[in-house]
Amino acid sequence: MGLAGRVPGAVGGAALVAVLPARQLALLVAVVVLAGVAVSLRGFVPVPRRRAVLLAGLMSGLMGTATSIGGPPMAMVWQRLSGPRLRATMSGFFLAGSVMSLAILAATGAVHIYSLWHTALLAPAAAIGVLLARPLSSRMDMRRTRGVAMVLAVASATVPVIQQFV
């Protein structure tokens, strides 16, 4: 259901890339991510029903395609899943979703050869992350995982904003 929302979200994200200046786009996504973190920290935990997962997929596609920060909506809606199930679900979702976003951005002319080169350079780091996930996952409990996810969400919203002003 999340991928069904990801498709129109990715199209919307590509449209945002085409019409909004980078600074405005970074600020918009940062505000959305930080609002989501604030709502989550205040205790809101959505039930992962079809509608919530579809909406999270839509937001993930929009944000992920526009700025590569598509994780927070899905992490919020799936935060009740057990560690192994969460990792497997998120990995599958983002593999398929990233390919979708890349294809849509390529179709709009927003992907350049240097983008693909950087992707190839980062592929080994992604593979190392996958290999380290299993041995490190036994050291993470649900509470710490949620805390780490919140810190990463705030960092993912803050870094692009800082980049726009530096």
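Below: a short report on this structure. Remember, predicted model here, so these are calculated numbers, not experimental data.

## A few points about the packing of helix α3 (residues 50-67) against helix α5 (residues 83-107)
Remark: α3 packs on α5, axes separated minimally by 10 Å, with the N-to-C direction vectors making an angle of 50 degrees. Taken together, the axes of α3 and α5 are oblique relative to one another. Remark: the crossing between α3 and α5 carries right-handed chirality. Contacts between α3 and α5 involve Gly57, Ser60 and Thr65 from the former and Phe93, Phe94, Ser101 and Leu105 from the latter. Classifying every residue of the contact of α3 with α5 by side-chain character gives 3 nonpolar, 4 polar and no charged.

## Focus on α3
Between the first and last C-alpha of α3 there are 25 Å, a value that for 18 residues agrees with the 26 Å anticipated at 1.5 Å per step. Burial in α3 covers these residues: Val53, Ala56, Gly57, Ser60, Gly61, Met63, Gly64, Thr65 and Ala66. The inward-facing, buried residues of α3 abut α1 (2-19), α2 (22-41), α4 (71-77) and α5. Backbone geometry just downstream of α3 places Ser68 in the positive-phi region, at approximately 70 degrees.

## Observations concerning unusual backbone geometry
The phi dihedral of Ser68 falls on the positive side, at around 70 degrees, and the residue is not glycine. Turning to its location among the elements, Ser68 is positioned in the loop between α3 and α4.

## Brief notes about the side chain of Ser40
Tracing the backbone through its elements, the reader meets Ser40 in helix α2. Ignoring any residue separated from it by four or fewer positions in sequence, one finds Ser40 in contact with Met76, Gln79, Arg146 and Met150.

Procedures and definitions
- Residues numbered from 1 in each chain as written.
- Predicted model: local features only at pLDDT ≥ 70, side-chain atom pairs only at ≥ 80, totals over all residues.
- Heavy atoms only, no water.
- Axes fitted to C-alpha atoms, helices over the stretch in contact; angles between N-to-C directions.
- Helix = DSSP H or I, 4+ residues; strand = E, 2+ residues; numbered from the N terminus.
- Parallel < 35°, antiparallel > 145°, perpendicular 65-115°, else oblique.
- Left-handed = near helix turned anticlockwise from the far one by under 90°.
- Contact = heavy atoms within 4.5 Å.
- Nonpolar A, V, L, I, M, F, W, Y, C, P; charged D, E, K, R; others polar.
- Expected span 1.5 Å × (residues − 1).
- Buried < 20%, exposed > 50% of the residue type's maximum accessible area, 1.4 Å probe, protein only.

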